[in-house]
Each structure stands twice: as structure tokens, then as C-alpha cells.
Amino acid sequence: MSAISLPLFTVGLDQSKPSPSSSSSASLYSPFSPSRNRFCSSSLHCISSCHVKPARASTSESIHETSTIMFDNNDSSDSTAFIIRARNRIGLLQVITRVFKVLGLQIEKATVEFEGDFFIKKFFVTDSHGRKIEDHESLNRIEKALLEAVTGGNGAASVTPASRGIVVRRAGLVADSGERRAKSERMFHLMDGFLKNDPISLQKDILDHVEYTVARSRFSFDDFEAYQALSHSVRDRLIERWHDTQQYFKRKDPKRLYFLSLEFLMGRSLSNSVINLGIRDEYANALKELGFEFEVLAEQVNEDTLLLLLLFLVSYMEGDACLGNGGLARLSACQMDSLATLDYPAWGYGLRYQYGLFRQVILDGFQHEQPDYWLNFGNPWEIERVHVSYEVKFYGNVEEETVNGKKCKVWGPGETVEAVAYDNPIPGYGTRNTINLRLWAAKPSGKLDMESYNTGDYINAVVNRQRAETISSILFPDDRSYQGKELRLKQQYFFVSASLQDIIRRFKDSHSSFDDFPEKLNDTHPSIAIAEVMRVLIDEEHLDWNKAWDIVCKIFSFTTHNVISEGLEKIPVDLLGSLLPRHLQIIYEINFKFMEELKKRIGLDYSRLSRMSIVEEGAVKHIRMANLSIVCSHTVDGVSKVHSELLKTRVFKDFYELWPQKFQYKTNGVTQRRWIVVSNPSLCALISKWLRTEAWIRDVDLLSGLQEYSMDANLQQEWRMVKKVNKMRLAEYIEVMSGLKVSVDAMFDVQVKRIHEYKRQFLNILGIIHRYECIKNMEKSERRKVVPRVCIIGGKAAPGYEIAKKIIKLCHAVAEKVNNDTDVGDLLKLVFIPDYNVSIAELVIPGSDLSQHLSTAGHEASGTGSMKFLMNGCLLLATVDGATVEIVEEIGADNMFLFGAKVHEVPALREKGSSLKTPLQFARVVRMVRDGYFGYKDYFKSLCDTVEGGKDFYLLGYDFASYLEAQAAADKAFVDEEKWTRMSILNTAGSARFSSDRTIEEYAEDTWRIEPCKCPL
């Protein structure tokens, strides 16, 4: 949520409080039966599905008939009859039989009759000993449980229509009542129940999809086609839960969270989905029985592990969804997982990028960018909603018109495009709740296309199509040019406009007034959304300014990841006025009113007024989007304790002094389900074994229970074995990827993240050069004492970031020298992993011994990468920056390796400039690079210039000595196997605080004010 034109801004959270209904027996039995009634607003251009099947039931219909439960012990000599009269709806039979099963009763036989829209079911049941039930208390208990199941826990007859849309036969459609009864009974039988998850049913579903979805013969299909069929069968089960959840939300009408982000780095969906659905083992068995033969694997692993490997190998056919880059994009994905798991009523919105960021290709050590054609072979997880599309406007002019005697602004666009929805179900773990991530793809306006074609202007039609589709083609277009800046703003407004139209349409489905809008919506947003909501409320819904402003200030919250003012988003006034003329007018009006109010509060302090103004004056006027967000949001959140202090004392100091009550912080988190359960199943099984429960997967605080076993020799041995197996997987990947063989007995020392000067990959490489030089200068007898290291670096440099690209080239140049030096051998290896993404992270993180987080203190807002490594028992070598302060509080400084200047020391050190002394070791290794020891002398000159001659802004030279000391401490600890393993266990045990579950719960309680809304089983 920071006001930057990059991803979005938000945060992760913790476990939800169960809703009142979730603890009752109703939540255990009651089927979900939400509404399908929809209000189609004029702003929704095509919602044809609302009208396709008018026979479907609607929640607006009131049902006054009474459901009844009766029992009869005279109807049969050996069983008790329970007679249930209720409205026919999907899933009800399954729920009723589950009640009998849970209560330990056996169904001997059952009959069904129909009375209009109601059925009368008679079940003949016995107790666990096969006898009829005669105890009056037991009969009453069973009767009560059945009534709660049938009525949804209300004890009343008001049962809403079926969850999946029951076909209701109206009077007169079928002349013969007998025929009607037979058809209704057949329909009820076909629709009563969910897809089954036993191996035979799963196999049938997979083969059906092979033949009918993939259109291949079930007797001849390859691995990719097997993946496609498997994915569709899993998606079928997601869709069942997705429909149930959305309909339940609609019926309950809770306050909702809408999470808007330009980035969602979801990773692969198959493994995560089957785990969250709780059917991973069932699918593994189904795949095995379909004839997947892996005899070699079978000889080396036990059967349970083999089944998981079979599933893994099939899922490996899936590519990563290229919808983001870096920690913020992965953070958004973690938060969606936690929102679903904790049963919060949430929707995610983003862009469906056709090519994503870019595919990183390394040629001769240089980074090259290629389009990532991740959609070329389709995406089985998404559902295209061709009937859900909205018109998004650009350019044009604003005119004043009189409507009903009232003057209002009318925006006449110069260009329109269509936003088409693609839905991606996000399942929760240990719950039926499955929420939605809706992504927008840009398409040309059909009207303009037809006009061009009809007039013979085919070239213009093609140009219009390309112009529209460019909006959702590439993540982060290069914004060094005016055209790049314009495209970024277009992307941001395009998805904000489409999302808000969708949100308002959904709100109007069940509300006739905007009075309840703040109570039903909370938004985590890109900041242009503020002006867009004001425009819609004033210009389209015709609310007066004060009422619209009151709504806006109640629905928006702002979470920023910026640590310096220079990084905050600013939009040139000329650009905003050209692309979104009405929005510029609204922002000017907001700023005028804010300035007038501010003058009353602080007087005529023009310097402060200028700093706080939303409009930045100068040769080129800009709109400060962060200032707009703070003014219009009810809460401003930082993402760690250190970051929060930076916001209060530096970045937003003036605003904090004005509105201290607005400022909070919630430390970011990551989901243990992705970063342990999915990526490290061996560690997951080991943790569950020693904690004697899998409940920690949802209740992550239970991980602290590992602390008491950290000295246990048996756990330590098993822990080391898990780590070694993961290192073997990573070593095999490195060999396949680069041809380099590495020893699994060496310390795997990893730094994987975006390549940036402040993240200081350059410092890491200089440290590797120093280690290399030390080894070269050692006698052979001394080398035996050296701790072998495999140094692994990975990450992408922005296409226009030349210094970052030179760091990548330097890494390859050093690797070429080090890896081919026979004097060094296996004592030191350097590997660069290209095109680093979520799937590769799932290999690298579990196999890492040491993870480096080297940002200059005060430059990392949070740092979720360190949390992923922490969960996997990887030791951290880090500066005291971002969330590291809180990690130290949880696991203790003795269990990690800290170095470098502190946040409060950095400004004074920078002021010293060229007078700041640096160690001789640092000057020597920089000189080696500058003098061409690794080649490319002229190319690396500008890189060396960034750290010498008083230009060392990120303090690599000052921190170098401390960095080497921390590396030496890591070497010493690694030699002590028992100590290292204990530290590793304590890292995992102390990682609970950094789960996105905790972050989400804090946001829900303190910022969003939303409650869990758990869909019944």
C-alpha cells in the first residue's frame, strides 16, 4: 500500500478469532445456502450470467414453511425412524448422513417423498450395537442436531435456496405431478453432494479431464497433459468451495476487505491447493495407481515419500505465474493465503500480465531480458469471466452539465478499453473457505473495433487492439521515458477503475444506499483509488462532496514500504491532467480543503504547508500520492518496528505530529503453509512428529514447542538428515543448471533477492573475493582448517539499472576465476542462479545453511526473505535492519550473526564522506576488481567508483570489517555440528511471530475492523 507505482502495499497477519457460529454445532452440520440474487447496475456493461438461468432460486425469496424433524419407534421393530421434512437443496442429504455418522448411528434404509418444493425423507437408523434408539434423552439430542443441520443452526424454517443453484420447477411447467416428482427426485439425486476424494473417483476425474478437457486419449497422454488434467480436477474441487464461500458471504453480508495490488507472486498452485484442500495423499495414491512408474525412486525411498514425489514430479510441469517480482509481490500472495485460512471475507484484485516482469537469461555473465510467455500453454487455475467486463476511460475532457437542476461534472473520455475478469480461487487451510483473486486483462473496446472494421480501417483496428492490450502486457514498464510513465499510470488506474466498479456493483446487489458503504468495505489500495472513489460517488452516484469525503476517509487504509522520501511516488501534473483530467480536478479540490484546514491547525508556517501539500510546486508540478493517501486514510501502517519509527521521525514526520493516532505498525509475515509445508515436506513431517500434532500448520505458535527438544540428540540427528536431503536436491539443481558439482558437506551460503545497491550483493561478492585471496595465500596444511563454502547468489536487476547489471556480471566473473582454480577446489564455489522465482526459492531456501541479509541499516522496511529462511531453520547473517530487530527479540542475538552500522549511526557516517576510514582488506579487494584481476577492467570501473572516493553511500567500506567478523563467527559455529543444529532448531521454533497469519489478524482487528466469516462444512 505504499504510495509507489509498484506493487501494492499491505501486510500479513495472524490467526483469526473463530466467529460465534463456528463454535456451535450448526457450523459443524449446517449446509451453506447463500443467495444468487444480483443487482445489475448501469455501470456493469455485461453481466449476462445473471439472466441466463432465470429458474435458479434467489435469496430474495422468503420461505415461511417450517422444516420439521420427528422420530417414530413404532414403524419398525428393529430400528428407529426419523422423518425429516425440509426444502430440497443441494448437499443436504450429505449433511444429514454426516450427522448420523458423527453421532455413531447406522442408517439401515431410507425413503423419500415430495410435497411441492419440500421433500420428506425417512431414515431408519440403529445405534452402534444395531439396536433401535429408545432412550428419550438420546432421541431429543439427535432430533436437535438434525434440526440444526437442516435449518442452518437457526432452529427456524427460514432456509435459503441451494448453495449451488437448485433448479426450481414452477407450477404448470410439468403437467403430470408424477412425472414432476420423478424428475425432481432424479435432479435431487444427481446434485445432492460434492465431488468425492477417494482414489477411484480422483482417477476417474483425471482421466475424464484428459479426454474431455485436454482432448487426448486416456490411453495415450504425456506428462504435461497429465498435469493439465490433474490441475483441472483439483480446480473442480476449488470451484465447489469457492461458490459455497462466495454465496455464504453474500448471505451473511459481512464487512469485506478488498485487497488491491499490482503484484501477486503466487508461485505454483497445484501443490499448495491439494495441501490446503487436505487431499494431497489421496491424489498421490491416485497418481500411483494410474500407472506412474518410478522404480528407481521406489528403491531409494519409502512408500509414503514415493507417493509425495510422484505428486511433486507431476506438479513440476507447472510454471510460475508471472504476476509480480520480489518480496512485496510474494507478501501479497502470503496474505491472500492467510486471509482464506483465517476465514476473513476478502477479495484480491490485480492485473493479469501477459508476459510478467521478464525472463532473465544470462549470456557470458550478462543479464538479458526476454518476455516470459507463461500463458502460452494456458493457465488451468484461472476462470475467464467473459461476462464480467467494465469500461475504463482515459484522456478526454471534463464538462459541466446541469442534471435535475444541479450542476455536475461529466468526463467525456478520449479513449476507452474493456477490463475482462479472470478469477483464481485461493483455498484456505483447514477450512472450507476459498476466496477469490480477480485479475483484469485489458481488451479493446468492441464498439471502436467494429467502427474501424465497418469503415475499412483495419490497420487502425489492429493498432487499437495492441494499444489496449499493452496495458496488461508487462509488469513494471521502464518509466525513464514519458511514455513509460504514462503506461505505468494507465496500468494503475485501469485495474483500480475496474476493481472499484466491480466492488460497487457487488455492494449495490444487496444495498440501496451508500450509507452502509464504509461498514461493508475496507480497501488496501494504490492511491489513485482515492480520487476514483470520489469521482464515482460524486459524478456517477451524485452524492454531495462532504458525504463522499466522509465515506472515503472511512474505507481506506494505507500501508507503506518506503523508507526514504525520495522513493515516494510522484505523478507529473501534466501527465495526470492529460490521462485522468477529472481526477486531477478532484485532487486539487482535496488539497485546497486540506490546506485550508491545516492553516487553522498550524498557522501560516509556509515551509511546513509546502511539505505537507499534496501538490508539489516547482518547475514541473507533481502530485504527491503518499500525501494524498495519508490525508484520506484512517490508518497509516508501517511494516516493522524500525520502519514505523522511520516513518514517524523522518519520512512522514509532519503528518505524524498532526495525526499521531493514525500511525501504527504490523510486522510483515510469510505463510508457513507455502514455506514449510509445500516447499519443505520433510521438515514439515519432522516438526509434526516431534510436536505430536499437525495443528501448528494453522496455529503456528505451537512451533515454540520445538525449543524444549533443541538439545535432543535424536531430533538433532533427524534435523541434520532433513537438511542434507534438501541440500542434495539443491546440489542436483545447481549441477543441471550450471554443470558445476558442489559438495553437500560444504556450508551453503545464500543471498537471493532483487539486485540493488542497498541490498549490497556487491558487499557479498567482495567478501567472497577476500575469502578466495586468503585461501590462495594459505599453505596446504592451513587449508585443511578452512570451512568449505558454496556461495549462492540469485536475483534480477531492473532492465534500466546499469549498476545492478554490473553486479551480476561481476558475480559471474569472480565465479569463473574461483570455480576453475584447482588450488581452491571444493573449499570455495560461487554460483549465480538465473531467473530466480518462487519455485526455485522452494528448492533454495530449504537447502540453505546460512542466509545473508545485508541491506544498509534503515533501508529495508521489513525483509520477508529472512523470515522464509528462518522458518526453514537456516541461520541468518544480517544487519540490524527491518524486521531483524524483532527476529533478534524472538530467537536471541546468540542464534544469528549480526554486523554493521545501526540505523541511528548511518546519517552521521554519511556526513563524513571521503574522511570515513575503511579497512585495508576492503581497499585491496576493490583494487583487485578495478585493476582487472577478474577481467572487464573498464566495465567495472563505474561499479568501483560507487564505493570509493567518498561516494560509498551504502557504507560497504565501513561495514566490511564487521562483515568479515560475522563470517568468521559463522565458520566457527558451523564446525560445531551440535551447536549449529541447536541454533537451526531454535530459529524454526522462534519463527511463529513472523507468520502472515499473525499479521493478518492484527490488521483485521486494529485497522480493517473485519470479522471472520466461516463457511459451514
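Residues numbered from 1 in each chain as written. Predicted model: local features only at pLDDT ≥ 70, side-chain atom pairs only at ≥ 80, totals over all residues. Heavy atoms only, no water.

J.: Explain the overall build of the protein chain to me, and be specific about the residues and the numbers.
T.: Scanning the protein chain from N- to C-terminus turns up 39 helices and 26 strands. Going through the 1017 residues of the protein chain one by one, you find that 58% of them count as buried. Within the protein chain, contacts between residues separated by at least 24 positions form 77% of all contacts whose residues are at least 6 apart in sequence. When the accessible surface of the protein chain is split by element, carbon and sulfur atoms take 50% of a total near 41,300 Å². (Helix = DSSP H or I, 4+ residues; strand = E, 2+ residues; numbered from the N terminus. Buried < 20%, exposed > 50% of the residue type's maximum accessible area, 1.4 Å probe, protein only. Contact = heavy atoms within 4.5 Å. Areas by Shrake-Rupley, 256 points an atom, 1.4 Å probe, with all protein chains shown as cover.)

J.: How would you sum up the nonpolar core? Please name residues and give values.
T.: Judged by nonpolar contacts, the single largest core of 115 residues is most densely connected at Phe394, Trp440, Phe494 and Phe652. Examining the composition of this core, we find that ten residues originate from one element, helix H15 (residues 482-510), more than from any other. If sequence neighbours within four positions are ignored, Phe494 has contacts with Leu351, Val392, Phe394, Val417, Glu418, Ala419, Trp440, Ala441, Ala442 and Ile471. Counting 60 residues, the second-largest nonpolar core is a separate cluster that includes Val700, Ile734, Cys874 and Ile887. (Core = buried A, V, L, I, M, F, W, Y, C linked by side-chain atoms within 4.5 Å.)

J.: Quick one: what's the story with the pattern of salt bridges, residue by residue and with numbers?
T.: Any two side chains of opposite charge can pair if their charged atoms end up close together. The final tally for this structure, using the stated rule, is 61 salt bridges. With a closest N to O distance of 2.1 Å, Glu773 and Arg924 form a salt bridge. With Glu773 in helix H28 (residues 761-776) and Arg924 in helix H35 (residues 920-930), the pair connects residues that are 151 residues apart, well separated along the chain. Note that Lys796 and Asp835 form a salt bridge whose closest N and O atoms lie 3.2 Å from each other. A residue pair is termed long-range when its members are at least 10 positions apart, and Lys796 in the loop between strand E22 (789-794) and helix H30 (802-819) and Asp835 in the loop between strand E23 (828-833) and helix H31 (838-844) qualify at 39 residues. Accessibility classification places Lys796 together with Asp835 in one group, the buried group. (Salt bridge = Lys/Arg side-chain N within 4 Å of Asp/Glu carboxyl O.)

J.: Account for the environment of Met70, naming residues and giving values.
T.: Summarising the element assignment, Met70 is placed in strand E1 (residues 68-72). Under the relative-accessibility criterion, Met70 is labelled partly exposed at 47%. Considering only alpha carbons, one finds Met70 and Leu146, 76 residues apart in sequence, at a separation of 9.8 Å.

J.: Can you break down the packing of helix H6 (residues 199-212) against helix H9 (residues 280-289) residue by residue, with the values?
T.: One can describe the packing of H6 onto H9 by two numbers: an axis separation of 9 Å at closest approach and a directional angle of 65°. Classed by the angle they form, the pair H6 and H9 counts as roughly perpendicular. Crossing hand, H6 versus H9: right-handed. Contact residues: Pro199, Leu202, Gln203 and Ile206 in H6; Glu282, Tyr283, Asn285, Ala286, Leu287 and Glu289 in H9. Broken down by class, the residue content of the contact of H6 with H9 amounts to six nonpolar, two polar and two charged. (Axes fitted to C-alpha atoms, helices over the stretch in contact; angles between N-to-C directions. Parallel < 35°, antiparallel > 145°, perpendicular 65-115°, else oblique. Left-handed = near helix turned anticlockwise from the far one by under 90°. Nonpolar A, V, L, I, M, F, W, Y, C, P; charged D, E, K, R; others polar.)

J.: Explain the packing of aromatic side chains to me, and be specific about the residues and the numbers.
T.: Inspection of the entire model under this criterion finds 33 aromatic pairs. Note on Phe594 and Phe655: the rings are 6.3 Å apart at their centroids and 15° apart in plane angle, and the pair reads as stacked. With Phe594 in helix H20 (residues 581-602) and Phe655 in helix H24 (residues 653-658), this pair connects stretches of sequence that are 61 residues apart. This pair shows no difference in class: Phe594 is buried, exactly as Phe655 is. Connected via pairs of aromatic rings, a cluster forms that spans Tyr258, Trp347, Tyr349, Tyr390 and Trp440. For Arg352, the ring lying beneath its charged end belongs to Tyr422, and the centroid distance is 3.9 Å. (Phe/Tyr/Trp six-rings, centres within 6.5 Å; stacked < 30°, edge-to-face > 60°. Lys NZ or Arg CZ within 6 Å of the ring centre and 35° of its normal.)

J.: Lay out the pairing of strand E4 (residues 118-126) in plain terms, naming residues and giving numbers.
T.: Among the nine residues in E4, seven count as buried, and that is most of the element. In terms of strand pairing, strand E2 (residues 80-87) meets E4 through eight bridges, oriented antiparallel. Counterpart to Ala86 in the pairing with E4 is Phe119. (Pairing = 2+ DSSP bridges.)

J.: Please set out the pairing of strand E6 (residues 346-351) residue by residue, giving values where relevant.
T.: Note on strand geometry: in a regular strand, side chains alternate between the two faces of the sheet. Most of E6 is tucked away: six of the six residues are buried. Of the two faces of E6, the one lined by Ala346, Gly348 and Gly350 and the one lined by Trp347, Tyr349 and Leu351 are each fully buried. Sheet topology places strand E5 (residues 256-260) next to E6; four bridges connect them, and they run parallel. By the bridge assignment, Leu260 is partnered in E6 with Tyr349. Bridging between E6 and strand E13 (residues 434-444) involves five bridges; their strand directions are parallel. Within E13, the residue paired with Gly350 across the bridge is Leu439.

J.: Outline the sheet that holds strand E26 (residues 897-899), supporting the account with residue identities and numerical values.
T.: The strands that make up a sheet are held in pairs by hydrogen bonds between backbone atoms, and each pair lies either parallel or antiparallel. Taking strand neighbours across the sheet as the criterion, the six strands line up as E23-E22-E21-E24-E25-E26 in an open arrangement whose pairing is parallel. Strands at the two margins of the open sheet, each flanked by one partner only, are E23 and E26. Geometrically, the sheet is characterised by an average inter-axis angle of 20° between neighbouring strands, direction not taken into account. With six bridges joining them, E22 and E23 adopt parallel strand pairing. Bridge pairing links Gly794 to Ile833 in E23.

J.: Describe in detail the environment of Leu357, supporting the description with residues and values.
T.: Relative to the assigned elements, Leu357 resides in the loop between E6 and strand E7 (359-363). Residue Leu357 is classed as buried on the basis of its relative accessible area, which comes to 15%. Expressed as a C-alpha distance, the spacing of Leu357 and Asn325, which sit 32 residues apart in the sequence, is 6.9 Å. In contact with Leu357, not counting residues within four places along its chain, are Asn325, Ile474, Leu475, Phe476 and Lys796.

J.: For unusual backbone geometry, give the residues involved together with the corresponding values.
T.: With a phi angle near 55°, Asp253 is a residue other than glycine that sits in the positive phi range. Note on placement: Asp253 falls in the loop between helix H7 (223-252) and E5. In this structure Asp253 comes out as partly exposed when scored by relative accessible area, which is 21%. Positioned with a positive phi, Tyr936 is a non-glycine residue whose angle comes to about 55°. Looking at the element boundaries, Tyr936 is found in the loop between H35 and helix H36 (937-945).

J.: Describe the sheet that holds E4, naming the residues involved and giving the relevant values.
T.: Within the open sheet, the four strands sit side by side as E1-E2-E4-E3. Their pairing is antiparallel. Since the sheet does not close on itself, it has two edges, and those belong to E1 and strand E3 (106-115), each with one partner. Averaged over all pairs of adjacent strands, the angle between strand axes in this sheet comes to 20°, irrespective of strand direction. Two elements, E1 and E2, share five bridges in a ladder whose sense is antiparallel. By the bridge assignment, Phe71 is partnered in E2 with Phe82. Along the sheet, helix H3 (residues 92-102) contacts E2, E3 and E4; its crossing angle with E4, the most-contacted strand, is approximately 25°.

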